[in-house]
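What follows is each chain in one-letter form.
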Amino acid sequence: MTDSHFIPRMAFTGAKLDHVEDKRDILTLKTYLKNPKARALMLINGKPAVTKEGHLKTCHPDDLVGQNIIAPGPMFLGLDDEGPVFAFALTDDQSMTAESEFQEMRAIASWLDQPSLAVAGRAKSLFDWHYSHRFCSTCGKESQSTAGGMYRHCKSCETDHFPRVNPVAIMLVIHEDHCLMGRSPGWPDKAFSALAGFISPGESLEEGCAREVKEEVNVDVHSVKYVFSQPWPFPSQLMMGITCQTDSRDFKVNKKELDDAQWFSKETVQNVFSGSDDSFLRPPGFTIANQLLRYWLAE
Ligand SMILES: [Zn+2]
């Protein structure tokens, strides 16, 4: 097998933001907020504002004065080529929505330009983390968003809490020119995708991959190979794309985990991607599973 020269088009990456983690004191953040080139994204319940023309909607932070802004207040996402970028979470009774719509991240993921989607995804993941980590896990008191939302600080016990990213192994199980994919309960008809699961404390990416495949389809894998990764803002996973090999096409679906699993030949996958075969519904283009299949086809 030769190495692929496939270049992934990975949704939620490519933000081109300098997070400026070393200079986020209150004075600096105030200067950024007043910078004439500062831009603010707006989100309601994790849904970013987009324009009718199909762009991420931004305004100057000053334009949001008087709007109902939800804690943790302005989140400083970082600096890009144009200037400081902030995100604001708004209540869902805003009057400023006439020229824009707040849309589900999954809905805009298929058409929004890649850098904008990455910025919106970063904002959503950070807000989701702040919402679910209001209280200190050490002493139980309410903590405060600090350094423009980079972390939370508990004044009661002086503990800092940093946003959490959850690692997930997502893997294409391969035997010769076939790959094994599964479908979860509730998925649309014919929808199949790469197997996936959270990495557990105490295991490596390779061990997590092997365990998940064993649990879901009772298949032993080897030659686990990391390919590429994707930040996934639902709410904050790091999807780590993997290929792995097995020596047999025997499998047994664990019905507690999956509805079904099936081997697909490279030819079938190729034809599904080119639209001449509908043996399965391919994973959406903004998913790493889609990119992993394309990588395998190009191999
Ligand atoms: Zn505390």
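Residues numbered from 1 in each chain as written. Predicted model: local features only at pLDDT ≥ 70, side-chain atom pairs only at ≥ 80, totals over all residues. Heavy atoms only, no water.

A. Highlighting the overall build of the protein. When helices and strands are tallied, the protein shows six helices and 15 strands. Taken along the three principal axes of its C-alpha coordinates, the protein extends 60 × 45 × 35 Å. The buried share among the 299 residues of the protein stands at 49%. Contacts in the protein between residues far apart in sequence, at least 24 positions, make up 65% of those at least 6 positions apart. Carbon and sulfur atoms make up 51% of the accessible area of the protein, which amounts to about 15000 Å² in all. (Helix = DSSP H or I, 4+ residues; strand = E, 2+ residues; numbered from the N terminus. Buried < 20%, exposed > 50% of the residue type's maximum accessible area, 1.4 Å probe, protein only. Contact = heavy atoms within 4.5 Å. Areas by Shrake-Rupley, 256 points an atom, 1.4 Å probe, with all protein chains shown as cover.)

B. Representation of unusual backbone geometry within the structure. Backbone torsion omega between alanine 71 and proline 72 reads 10°, so that peptide bond is classified as cis. Here proline 72 lies in strand β4 (residues 69-79). Here phenylalanine 234 and proline 235 are connected by a cis peptide whose omega angle stands at 0°. Here valine 20, not a glycine, exhibits a phi torsion of approximately 45°, which is positive. Of note, valine 20 is situated in the segment before α1 (26-34). At glutamate 176, a residue that is not glycine, the phi angle is positive and equals roughly 50°. You can see glutamate 176 is positioned in the loop between β10 (166-175) and β11 (178-183). Given the relative accessible area of 60%, glutamate 176 is considered exposed.

C. Region of interest: the packing of aromatic side chains. Here the structure, examined in full by the defined rule, presents eleven aromatic pairs. Plain terms: the ring middles of phenylalanine 228 and tyrosine 295 are 5.9 Å apart, the flat faces sit at 75° to each other, and that makes the pair edge-to-face. Pair noted here: phenylalanine 228 is in strand β13 (residues 222-232) and tyrosine 295 is in helix α6 (residues 288-298), with a separation of 67 residues, a long-range link. For tyrosine 295, a relative accessible area of 6% corresponds to the buried category. The interplanar angle of 65° and the centroid separation of 4.8 Å between the aromatic rings of tryptophan 232 and phenylalanine 234 together place this pair among those described as edge-to-face. (Phe/Tyr/Trp six-rings, centres within 6.5 Å; stacked < 30°, edge-to-face > 60°.)

D. Up close: the coordination of the zinc ion. In the first shell of the zinc ion, the protein supplies Cys136 (SG), Cys139 (SG), Cys154 (SG) and Cys157 (SG), at 2.2 to 2.4 Å from the metal. Coordination at the zinc ion is tetrahedral, judged from the four donor atoms that bind it and the angles of 101 to 114° they form at the metal. Positions of the donor residues of the zinc ion, expressed as sequence spacing, correspond to C-x2-C-x14-C-x2-C. Taking relative accessible area as the criterion, cysteine 136 reaches 4% and is therefore assigned buried. Judged by relative accessible area, which is 32%, cysteine 139 ranks as partly exposed. (Donors = N, O, S within 2.8 Å, 3.2 Å for Na, K, Ca; no water. Tetrahedral: all angles 85-135°; square planar, octahedral: opposite > 155°, others 65-115°.)

E. Representation of helix α5 (residues 266-274). For α5, the full list of buried residues reads Thr268, Val269, Val272 and Phe273. Viewed end-on, α5 has its buried residues packed into an arc of 135°, placing them on one side of the element. Along α5, exposed side chains directed more than 90 degrees from the buried face belong to Glu267 and Ser274. Where α5 is buried, its residues touch β11, β15 (260-265) and α6. (Arc of directions from axis to C-beta.)

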